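So the chains spell out like this:
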Amino acid sequence: MEISVLSGPSPVNRAFDPAAAGRKSQWRSALRRLPWPALALAGLSALSLPTQATAAGDKVACPEIEGLNVASLKRSTLVGELHGTNESPAFVAALACHILTSGHTLTMALEIPRTEQDRIRSYLLSNGSAADRAAMLKGAFWAIDKADGRSSAAMVNLIERLRYLRSVKLPLIDVVTIDVAAGEDDAANDRDRLMSQAFDRITKTPSDYVVGLVGNYHAKKTDGAPWNPRARFMAGYLPASALTTLDVGYSGGAAWICVPECGVSEFGASSKPAAAEGFSLRFVNKDGGAYDGIYNVGRLSPSLPARSGGG
């Protein structure tokens, strides 16, 4: 499975070390020597220089995430979600904003088939017009009859927010699609392993942080599920010590999800007491080590398929 990201020496998987700042300038010097076509293929901006990133960061307001300290994150983070809500993609957009405006480079991974990579990357390099968005949504993944919550309007809004952050010269390195194509590669129920390999390759690129938005079972470090006690998920194939996994907390609401019929389903609160409104993050051993923390988003609201024009 090919992933179009810049190759280079493997960075160390750990929380950000300020002593590594010198290495950042070396990477950026190397990037400046690359021709523009190579940077475009890698989703890189030739303008992501430290002084420019700082200036841009001063102008961008990020939604508050109570309890967030960027330095407390390990280099790689998987954010687990219930598909088809507005809140989880919005939380990830806010997290990306905080990482980028603090001066760190970021690569984002999305649970979208690799066949959509070129269209999404073209959108990231565009002006974000209605025509640009329509071109991105031409892919089969966005078809309404296949919508499972991942191809939501909220996911498009996340991609748009990442495009905007890059456009103001914040150091977003790339947005990489890590899922297998429909009916491809996963015939042997090997999808989580293949997704983990795709994510692991991203961690070997020159980026301070790597953040992935995936379904909450994919973000589970421990084995086991109600339908298969031996099931291993994406996070279970990755080095646990180098990875932060977060599960979503909410105070109830609804999501566009397939259970198994696709549509809007209502949910009660995920925890007792119910999660407070607004974004917050707390690190706590959840479900016997399955997750390293919980991000709370308040009440869930459904996000309909992007092609339907729903919110």
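Whatever comes next refers back to the structure up there.
Residues numbered from 1 in each chain as written. Predicted model: local features only at pLDDT ≥ 70, side-chain atom pairs only at ≥ 80, totals over all residues. Heavy atoms only, no water.

What is expected of a backbone is that most residues other than glycine have negative phi and most peptide bonds are trans. Omega for the bond connecting Val259 with Pro260 falls within 30 degrees of zero, at -10 degrees, which places this linkage in the cis form. Structurally, Pro260 can be placed in the loop between β6 (253–258) and β7 (262–267). Notably, Lys169 is not glycine yet its phi reads approximately 70 degrees, a positive angle. On the secondary structure map, Lys169 appears in the loop between α7 (153–167) and β3 (172–179). Its relative accessible area of 31% is what places Lys169 among the partly exposed residues. Positive phi values are uncommon outside glycine, yet Asp287 reaches one of about 55 degrees. Residue position: Asp287 is located in the loop between β8 (280–286) and β9 (291–296). (Helix = DSSP H or I, 4+ residues; strand = E, 2+ residues; numbered from the N terminus. Buried < 20%, exposed > 50% of the residue type's maximum accessible area, 1.4 Å probe, protein only.)

On to the pattern of salt bridges, then. If you walk through the whole model with that rule in mind, you get 14 salt bridges. For Arg150, the salt bridge goes to Asp148, with nearest N and O atoms at 3.0 Å. Among the ionic pairs, Asp200 bridges to Lys204, the shortest N-O distance being 2.7 Å. A residue is classified by how much of its surface remains accessible, and Asp200, at 24% relative accessible area, is partly exposed. Connected through shared salt-bridge partners, Glu111, Asp148, Arg150, Asp179 and Arg191 make up one network. (Salt bridge = Lys/Arg side-chain N within 4 Å of Asp/Glu carboxyl O.)

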